[in-house]
Amino acid sequence: MEEMEEELKCPVCGSFYREPIILPCSHNLCQACARNILVQTPESESPQSRRASGSGVSDYDYLDLDKMSLYSEADSGYGSYGGFASAPTTPCQKSPNGVRVFPPAMPPPATHLSPALAPVPRNSCITCPQCHRSLILDDRGLRGFPKNRVLEGVIDRYQQSKAAALKCQLCEKAPKEATVMCEQCDVFYCDPCRLRCHPPRGPLAKHRLVPPAQGRVSRRLSPRKVSTCTDHELENHSMYCVQCKMPVCYQCLEEGKHSSHEVKALGAMWKLHKSQLSQALNGLSDRAKEAKEFLVQLRNMVQQIQENSVEFEACLVAQCDALIDALNRRKAQLLARVNKEHEHKLKVVRDQISHCTVKLRQTTGLMEYCLEVIKENDPSGFLQISDALIRRVHLTEDQWGKGTLTPRMTTDFDLSLDNSPLLQSIHQLDFVQMKASSPVPATPILQLEECCTHNNSATLSWKQPPLSTVPAEGYILELDDGNGGQFREVYVGKETMCTVDGLHFNSTYNARIKAFNKTGVSQYSKTLVLQTSEAITAHEIKPMKDTDSEEQTLPFPVPSERLPLRRMSPFSSTLNLQPSFPGRSYFDLRSSPHQLSLHSSLQSLNAPGCSFEPQSAPYSQLVDIKKLLAVAWFAFDPGSAHADIIFSNDNLTVTCSSYDDRVVLGKTGFSKGVHYWELTVDRYENHPDPAFGVARIDVMKDVMLGKDDKAWAMYVDNNRSWFMHNNSHTNRTEGGITKGATIGVLLDLNRKTLTFFINDEQQGPIAFENVEGLFFPAVSLNRNVQVTLHTGLPVPDFYSSRASIA
């Protein structure tokens with residue numbers, strides 16, 4: 001019942017309806033409140049003038065919307081009402097339920113007449129405070145509106161059901177407890193309102209005032225008022241006009257405007273409309289039931305959201321804390337490396353200081369001794385020791401030779417922290433559901449006909465599915481470590497072909513690719529198994545005789561064209577563009593539901609039905625498969641070389657005219673196996689000292705090879721050679737180079753050693769031991785020295801026999 005209370009309150013005064021009337025718009029007003037919000041209209045807007053002009057069509061004339069603005073503030077959502085025409089304009093007030101009204105300029109004069117019988121100004125207009133429709137009253141005034149007796153009965157029953165004390169009906173704000181009730185006025189008063197509105201004088205002195213409880217009983221026992229016709233006040237409603245949808249009396253049917261309308265019995269229509277209202281209430285009841293269930297669902301959602309929020313926040317904090325812990329651990333590891341580098345530099349410099357101090361003390365002592373010997377006047381005694389002293393002085397001078405007075409360690413830390421990928425990942429850290437709602441790209445498809453291996457490099461090609469409609473912003477290529485370990489990213493970009501350098505020879509790698517866009521990443525493609533080559537022997541090809549019928553032979557085309565591809569070494573952070581063989585590759589393809597296998601299988605070329613057209617010389621010679629050797633073919637790499645290096649002979653010959661040393665690397669990196677290559681000196685003048693050896697991919701390119709800790713080298717002039725790493729010179733060995741000399745480099749990663757040869761003779765002992773990682777052939781040149789690279793060579797016989805004995 002309490003939820004119904006708002007339906008029983010007047011929109012103007014905010015109290016329960018008192019003598020409610022029904023406006024044509026079906027809304028209700030207290031009769032007294034309706035009188036208070038009347039507005040006098042101009043004469044031209046009166047019903048008489050409108051009827052005289054032929055525009056009047058009904059008893060109630062609604063104002064046009066543009067004219068309605070003269071009397072209300074409907075556009076602002078509130079109804080504004082003025083008092084009588086003679087009343088001055090006063091500020092509007094707000095009723096208890098939020099409707100703005102103009103109070104009357106002066107309190108209405110005390111009268112014993114009911115509000116309905118009080119005189120109404122001519123040409124009055126009333127605006128509904130709920131729907132803001134305005135209408136002009138006719139001569140009947142407020143008496144022209146029917147009274148809502150049903151609403152009065154509902155209010156009476158509602159008030160009787162409430163046990164609370166009766167309140168004053170005239171208090172404007174907080175109603176006080178009523179003290180009396182006037183039986184004639186049928187109004188409950190508190191003491192202040194009774195003295196102000198119902199003084200005990202004049203006609204009101206004859207009214208009977210009773211206690212509120214007695215007034216409630218008398219009101220309850222009073223007979224129900226019968227609804228009378230608004231046009232014929234002495235007639236009761238007896239019929240129902242179907243066309244006007246309102247009760248009418250017998251006189252209205254005889255002489256009124258309803259005489260030609262269809263009418264039905266009031267009781268029958270009463271029952272019919274009750275039935276219709278009950279049916280409508282059934283549907284509304286179902287909706288109300290659904291609304292209650294929905295509210296329960298929403299309240300449960302509030303609780304669930306709060307619980308999920310706490311859980312999600314805890315998970316987010318834990319994930320971020322884990323990232324911070326991982327970063328702190330990595331920070332500690334990097335600091336340990338820096339401290340290790342710091343201690344290493346200090347040790348090298350301190351050792352050199354100690355070494356130079358001892359040598360300087362010996363040299364100073366020798367010089368002082370020689371000066372004292374020179375002072376002797378005995379010729380024969382001087383000549384007995386002079387030759388030995390001269391040799392000692394020259395030998396000591398040679399010990400202070402090249403490199404002795406050069407620092408073995410630089411003061412700079414050759415460590416650069418690459419934090420850009422991590423910062424980019426942090427900036428891209430986001431919730432998946434907050435990203436764009438567009439779908440992720442489709443899974444890429446590997447193009448097997450374009451995938452190949454060459455030496456220790458692998459070229460992969462892929463594409464989007466033909467029917468894919470979601471564009472990909474880039475691709476991520478992942479490769480394992482060749483030993484079945486975890487996958488790691490080796491390329492991220494927009495290209496659809498990538499060559500990965502620096503792989504192990506004779507190793508099996510697994511590769512996979514996925515696409516990404518702003519929404520997320522696709523599924524991985526099928527896994528591709530790649531076998532790096534044991535032998536790529538285009539320079540080792542030997543012509544076969546027709547008599548060698550027992551040896552199976554076949555044409556082996558080597559692609560002569562090179563395409564620019566994206567190349568990536570999985571063991572370094574360097575990503576550059578290099579030429580690579582896209583060519584034809586010869587693989588045995590096997591598919592399974594879970595992966596594709598791509599194996600290097602030269603023997604599969606001998607399968608029945610396999611034939612290839614030979615190319616023009618020199619690539620049309622026949623290959624003796626049984627004599628293939630496990631060697632690597634490569635050339636110098638222009639992409640990573642210093643700009644002063646000059647290339648020729650298909651990047652096999654290099655020279656440098658700069659006075660300073662410049663470094664060039666080979667195109668192939670090695671991480672295991674035994675590898676041997678040679679360099680012939682084509683031009684050598686003025687006794688420069690080129691350096692030969694191996695280096696990391698990020699070696700310094702503008703200093704002599706071996707000056708930093710990224711290179712292991714032998715530098716040699718026309719008389720002698722030295723080994724150098726990290727600017728430390730060791731093992732001076734007699735024997736130099738001239739024009740036409742051959743320098744051999746033997747990298748044995750199985751025994752972790754590096755050995756040098758000059759003219760097929762080993763130069764000094766094993767140059768370096770415990771060499772591990774990825775190494776590229778390297779040379780540093782200056783002063784017009786020119787060398788030519790020779791690759792695909794077998795290991796020297798004497799070293800092979802010595803290794804087999806060991």
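Residues numbered from 1 in each chain as written. Predicted model: local features only at pLDDT ≥ 70, side-chain atom pairs only at ≥ 80, totals over all residues. Heavy atoms only, no water.

Q: What is the right way to read the overall build of the protein chain from this model?
A: Regarding its fold elements, the protein chain presents 11 helices and 42 strands. With 806 residues in all, the protein chain has 38% of them scored as buried. A sequence separation of at least 24 residues applies to 62% of the contacts in the protein chain between residues at least 6 apart. For the protein chain, the accessible area works out to roughly 46800 Å², and carbon and sulfur atoms hold 54% of it. (Helix = DSSP H or I, 4+ residues; strand = E, 2+ residues; numbered from the N terminus. Buried < 20%, exposed > 50% of the residue type's maximum accessible area, 1.4 Å probe, protein only. Contact = heavy atoms within 4.5 Å. Areas by Shrake-Rupley, 256 points an atom, 1.4 Å probe, with all protein chains shown as cover.)

Q: Before we go on, may I ask you to explain the sheet that holds strand β34 (residues 711–716) in this structure?
A: Through backbone hydrogen bonds, the strands of a sheet pair up, either in parallel or in antiparallel fashion. A sheet is described by the order of its strands in space; here six strands give the open sequence β31-β41-β33-β34-β35-β36, paired in antiparallel fashion. Looking at which strands have only one partner, the edges of the open sheet turn out to be β31 (662–665) and β36 (728–734). Each neighbouring strand pair of the sheet contributes to a mean axis angle of 20°, computed without reference to strand direction. Two strands pair when backbone bridges link them, and β34 and strand β35 (residues 720–725) are joined in this way by five bridges, in the antiparallel orientation. Its bridge partner lying in β35, Tyr715 is registered against Trp722. (Pairing = 2+ DSSP bridges. Axes fitted to C-alpha atoms, helices over the stretch in contact; angles between N-to-C directions.)

Q: What's the story with the packing of aromatic side chains in this structure? I'm lost.
A: Centre-to-centre distance and the angle between the planes together describe a pair of aromatic rings. What the rule picks out here adds up to 11 aromatic pairs. Aromatic ring contacts, followed pair by pair, group Phe505, Phe634, Phe670 and Trp677 into a single cluster. A cation over a ring is seen here: Arg512 above Phe487, with NZ or CZ 3.9 Å from the ring centre. A cation sits over an aromatic face here: Arg512 above Tyr524, 3.7 Å from the ring centre. (Phe/Tyr/Trp six-rings, centres within 6.5 Å; stacked < 30°, edge-to-face > 60°. Lys NZ or Arg CZ within 6 Å of the ring centre and 35° of its normal.)

Q: Explain the packing of helix α8 (residues 266–374) against helix α9 (residues 379–399) here, please?
A: α9 packs onto α8 with a crossing angle of 155° between their chain directions and a minimal axis gap of 11 Å. In this view, α8 runs roughly antiparallel relative to α9, as classed from their interaxial angle. In this structure, the crossing between α8 and α9 has a hand that is left-handed. Residue-level inspection shows Lys359, Thr363, Leu366, Tyr369, Cys370, Val373 and Ile374 of α8 in contact with α9, the latter providing Phe382, Ile385, Leu389, Arg392, Val393, Thr396 and Gln399. Tallied by class, the residues present in the contact of α8 with α9 amount to nine nonpolar, three polar and two charged. (Parallel < 35°, antiparallel > 145°, perpendicular 65-115°, else oblique. Left-handed = near helix turned anticlockwise from the far one by under 90°. Nonpolar A, V, L, I, M, F, W, Y, C, P; charged D, E, K, R; others polar.)

Q: Sorry, what's going on with the nonpolar core here?
A: Formed by 38 residues in total, the largest nonpolar core has its most connected members in Trp677, Leu679, Leu747 and Val787. For this core, the elements supplying multiple residues, two or more each, are β30 (653–656), β32 (674–683), β33 (691–695), β34, β37 (742–748), β38 (753–758), β41 (776–781) and β42 (786–790). In this structure Leu747 touches Phe670, Gly673, Val674, His675, Trp677, Val694, Thr753, Leu754, Val771 and Phe775, once residues within four positions along its chain are discounted. (Core = buried A, V, L, I, M, F, W, Y, C linked by side-chain atoms within 4.5 Å.)

Q: Is there a simple way to think about unusual backbone geometry in this case?
A: What you tend to see is this: most non-glycine residues have negative phi, and most peptide bonds are trans. Look at His687: it is not a glycine, yet its phi comes out positive at around 55°. When you line up the elements, His687 lands in the loop between β32 and β33. One non-glycine residue, Asn726, adopts positive backbone phi at about 60°.

Q: What am I meant to see in the sheet that holds strand β10 (residues 187–189) here?
A: Sheet architecture is open: three strands sit in the order β10-β9-β11, paired in antiparallel fashion. Strand pairing shows two members of the sheet lacking a second neighbour, β10 and β11 (209–210), which therefore form its edges. When strand β9 (residues 180–182) meets β10, the two strands line up antiparallel, connected through three bridges. Within β10, the position partnered with Cys182 by the bridge is Val187.

Q: Help me understand the side chain of Asp501 in this model?
A: Here Asp501 shows up in the loop between β20 (497–500) and β21 (508–516). In this structure the side chain of Asp501 is engaged in a polar contact, spanning 2.7 Å, whose partner is the side chain of Ser457. (Polar contact = N/O pair within 3.5 Å; in protein donor to acceptor, adjacent residues only side chain to side chain.)

Q: How do you make sense of α8 when you look at a structure like this?
A: The α-helix advances 3.6 residues per turn, and as a result positions three or four apart in sequence lie on the same side. In a regular helix each residue adds 1.5 Å, so 109 residues correspond to 162 Å; α8 covers 155 Å between its end C-alpha atoms and thus fits that length. For α8, the full list of buried residues reads Met269, Glu341, Lys345, Val348, Gln352, Cys356, Lys359, Thr363, Leu366, Cys370 and Val373. Where α8 is buried, its residues contact β12 (237–241), β14 (263–265) and α9. (Expected span 1.5 Å × (residues − 1).)

Q: What exactly am I supposed to notice about the side chain of Thr459 here?
A: Tracing the chain through its elements places Thr459 in strand β17 (residues 457–463). A polar contact is formed between the side chain of Thr459 and the side chain of Thr499, at a distance of 2.8 Å.

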